[in-house]
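Chain residues, written in single-letter form:
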Amino acid sequence: MSRLTAIAAAILLFVVFLVTRAPARLLTHFVSPDQLVLQGHEGTIWEGVANRALLVTDAGYLHLGRVTWDLHPFSLLLFSPRLDIDAEWGAQRLSGAVKLRGEGNFGLEDFEAKVSAELLQQVLPAELRGQLSLQVEELLLADWLPVRASGRLVWQNAMWKPVQGPMLLGSYAVDFTQEAGDSLVGEVVTI
């Protein structure tokens, strides 16, 4: 009996070793290229780097640039994977914790993003300029709708480019909150 236990323990340790050392390139087998394209992998599934990452959207590819991640293994046991990510592409930056809970259901914690307002042209029929920055303490989405939120969105050096020429709008911020079961509330202030 003790020999059988020793063999089982050795096999279990070998499997644990293989799982903890799984290379980052294996992510391409778990992530659909219709959602996310990762290239230039380094590290492991748990802690790794993709030197180039592209998020697939309805409007086309959103370049995330170089992405590092830390996947919390115990979050997989709860069927709610938690990733700490950092992405950098030029002046564009994203960092924070992402909790995945299924299609259209996810959360952000201590998340910061800085992107060009030109990205909004992908979803809005207007030419906008400036810098958008988002600081999220917490944001929980269910079926793509917010159910709990706390944070701030800032649009610096806002500019709209209609046909007759650019219009400088200034800089604005929106502080937003939403408690579970309540509506999302925000206050717009001029900076």
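Everything numeric here is computed off the predicted structure, so don't read it as measured data.

> Whenever I open this one, the sheet that holds strand β2 (residues 47-57) confuses me. Can you help?
The strands making up a sheet associate through hydrogen bonds between their backbones, and the pairing can be parallel or antiparallel. Spatial strand order, β1-β2-β3-β4-β5-β6-β7-β8-β9-β10: ten strands in an open sheet with antiparallel pairing. Two strands bound the open sheet, and with one partner strand each, they are β1 (36-43) and β10 (185-190). Neighbour-to-neighbour, the strand axes of the sheet open up by a mean angle of 20°, direction not taken into account. In the sheet, strand β8 (residues 145-160) pairs with strand β9 (residues 167-178) via ten bridges, with the strands oriented antiparallel. Looking at the pairing, L153 lines up with V174 of β9.

> Could you clarify how one ought to interpret the nonpolar core in this entry?
One recurring pattern in soluble globular proteins: nonpolar side chains tend to sit buried together. With 25 residues, the main nonpolar core has W69, L108 and F111 as its most contacted residues. Those elements giving two or more residues to this core turn out to be β2, β3 (60-71), β4 (82-89), β5 (92-100), β6 (106-116) and β7 (128-142). Ignoring anything within four residues of it in the chain, the contact list for W69 reads A24, L27, T44, I45, W46, E47, G48, V49, A50, L83, D84 and I85.

> Can you walk me through a nonpolar patch on the surface in this structure?
A surface patch of nonpolar side chains, about 450 Å² in accessible area, is lined by I7, I11, F14, V15 and V19. Mapped onto the fold, V19 is located in helix α1 (residues 2-20).

> Would you take a moment to explain the pairing of β1 for this structure?
Two faces make up the sheet, and in a regular strand the side chains alternate between them. Taken together, the seven bridges between β1 and β2 define a ladder with antiparallel strand orientation. If you follow L38 over to β2, its bridge partner there is A53. Hairpin connection, β1 to β2: the antiparallel pair is bridged by three residues.

Procedures and definitions
Residues numbered from 1 in each chain as written. Predicted model: local features only at pLDDT ≥ 70, side-chain atom pairs only at ≥ 80, totals over all residues. Heavy atoms only, no water. Pairing = 2+ DSSP bridges. Helix = DSSP H or I, 4+ residues; strand = E, 2+ residues; numbered from the N terminus. Axes fitted to C-alpha atoms, helices over the stretch in contact; angles between N-to-C directions. Core = buried A, V, L, I, M, F, W, Y, C linked by side-chain atoms within 4.5 Å. Buried < 20%, exposed > 50% of the residue type's maximum accessible area, 1.4 Å probe, protein only. Contact = heavy atoms within 4.5 Å. Patch = residues over 30% accessible without salt bridge, like charges linked within 9 Å, V, L, I, M, F, W, Y side chains within 5 Å. Areas by Shrake-Rupley, 256 points an atom, 1.4 Å probe, with all protein chains shown as cover. Salt bridge = Lys/Arg side-chain N within 4 Å of Asp/Glu carboxyl O.

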